Structure formats: C-alpha cells, structure tokens
Amino acid sequence: MAIVQNNLLFHNFHGKFGKSMVFRVVRGKTIVSKYPDMSRVERSPDQKAYNNLFREAVQHAKSELIDPNTKAALLNRMKRNPKLKDRNPMNVLVSEYLRERSYIMSREEASMLVVQYNQKYQLNERQSAALKFLLIYGEINNTLYLQINKVSRPTATRDLADLVTKGILLSKGKGPATSYKLQDKLLDDSINLFKN
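Residues numbered from 1 in each chain as written. Predicted model: local features only at pLDDT ≥ 70, side-chain atom pairs only at ≥ 80, totals over all residues. Heavy atoms only, no water.

*Asks:* When you look at the sheet that holds strand E6 (residues 169–172) in this model, what are you seeing that I'm missing?
*Replies:* Backbone-to-backbone hydrogen bonds pair the strands of a sheet. The strands run either parallel or antiparallel. Taken in spatial order, the three strands line up as E5-E7-E6 in an open sheet, and their pairing is antiparallel. Each edge of the sheet is formed by a strand with only one pairing partner; in this case those strands are strand E5 (140–141) and E6. Here two bridges tie E5 to strand E7 (residues 179–182), and the two strands are oriented antiparallel to one another. Across the sheet, Asn141 pairs through a bridge with Ser179, a residue of E7. Across the sheet, helix H7 (residues 153–165) lies against E5, E6 and E7, angled at about 115° from E6, the strand it touches most. (Pairing = 2+ DSSP bridges. Helix = DSSP H or I, 4+ residues; strand = E, 2+ residues; numbered from the N terminus. Contact = heavy atoms within 4.5 Å. Axes fitted to C-alpha atoms, helices over the stretch in contact; angles between N-to-C directions.)

*Asks:* What am I meant to see in the pairing of E7 here?
*Replies:* Here is the key point about a regular strand: its side chains alternate between the two faces of the sheet. Where E6 meets E7, four bridges bridge the pair, whose relative direction is antiparallel. Bridge pairing in E7 places Ser171 opposite Tyr180. Count of turn residues in the E6/E7 antiparallel hairpin: six residues, of which Gly173 carries a positive phi of about 95°.

*Asks:* Can you help me understand the nonpolar core in this one?
*Replies:* Counting residues in hydrophobic clusters, the biggest one holds 26 residues, and the most contacted among them are Tyr117, Leu131, Leu135, Ile140, Ile168, Leu169 and Leu182. Taken together, the elements giving at least two residues each to this core come down to helix H4 (107–121), helix H5 (125–137), helix H6 (142–149), H7 and E7. Sort the elements by how many residues they give to this core and H5 lands first, with seven residues. Formed by 12 residues, the second largest nonpolar core is a distinct cluster that contains Leu74, Leu84, Leu93 and Tyr97. (Core = buried A, V, L, I, M, F, W, Y, C linked by side-chain atoms within 4.5 Å. Buried < 20%, exposed > 50% of the residue type's maximum accessible area, 1.4 Å probe, protein only.)

Now the structure itself:
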C-alpha cells in the first residue's frame, strides 16, 4: 500500500486500474494498493447473508437516487445534519438501509424462538439451525442451508420443502435461485413480544 501525496495526476483519483491496482481516497489522501485476489476466499453463511444484504442496500440506494424528489429531500436532510453534511449521498442511503435491516433479531432472541418452533412443529436439528439463521438474517437459500448443516443438496431441498409444507417458510423463485423467507404467525407474535 502506498500513499500518494502532492501528485496532480492522482489527486482525488479513485477506482481500479484493470486487475492490478486499486486507488482510494481516504481523508483527502490517495491510497494505491494491489488489486485483491479473492479467488481462494471461502465465505461463511453469515458473510454470504451480509453480502446479499449489502447488495440489496446498494440497489435500494440507486433506486432512491434516481428519483429527483427523493434525492433533493435527502440532500436537504444531509445539509441540515452536521454528521451527514460531508458524506456521499449513496453512502448515507446504504448505511441507513444496513442499519435498519442488518439483523431481524439478536442471536439470543432467535434461539428462544427456535425452541418455540420446535415445540410447535417438531423440527430436526438441521431445520432448527436453518431457522435460527433465518430469524437473524431474514432469508436463506439452498446453498446457505448446505453450508450451515453440511448436508447433501437433496437433503437440503427435502428439509426446506418440509418447512414450506408446514407453513413456516415461503419460497420465492424457482430452481437454484429459490430463496426462502419466514411466513409463520409465530414469528409475528414473537417480534411483537420482543418489542414490548
């Protein structure tokens, strides 16, 4: 990593140069670093869930900034708030989205709720682990289920289909792109209980 100072060519220059260098501006200084090699990185289910959430946050921010009225309201709000005044509007929207949706509930609350689900539906250990993940992050897919439980794809598909049949999950999409969200009333009652 190198810090570039007083160089007119690279002043406030940011982005990547092919797949060899990355330029960033941090507190007025341009930082040059090697392009990261992420080919061997194995992400955990938690990291994948957060990456999906971040992707949603960026899409949300882009859609908000397209609308001129929404953008003007955001810029007005940023001018009035000293903490937001010098920030990028895209970054403000992404961080607000992540703050609102990063976790549906804490791990402790999710564990307590999984016990209630087990009493009501007699879930197996794999389904309980996936349900806890869902309660924390709000969504799961077949690949995440495989990683959480270390099972084969047919077993994961069968377990998720069983949760849909029991009315706990709602499936969205088809084939490998299918994702699952909670739809059971037990979740709504429990969220209200935790809020009070």
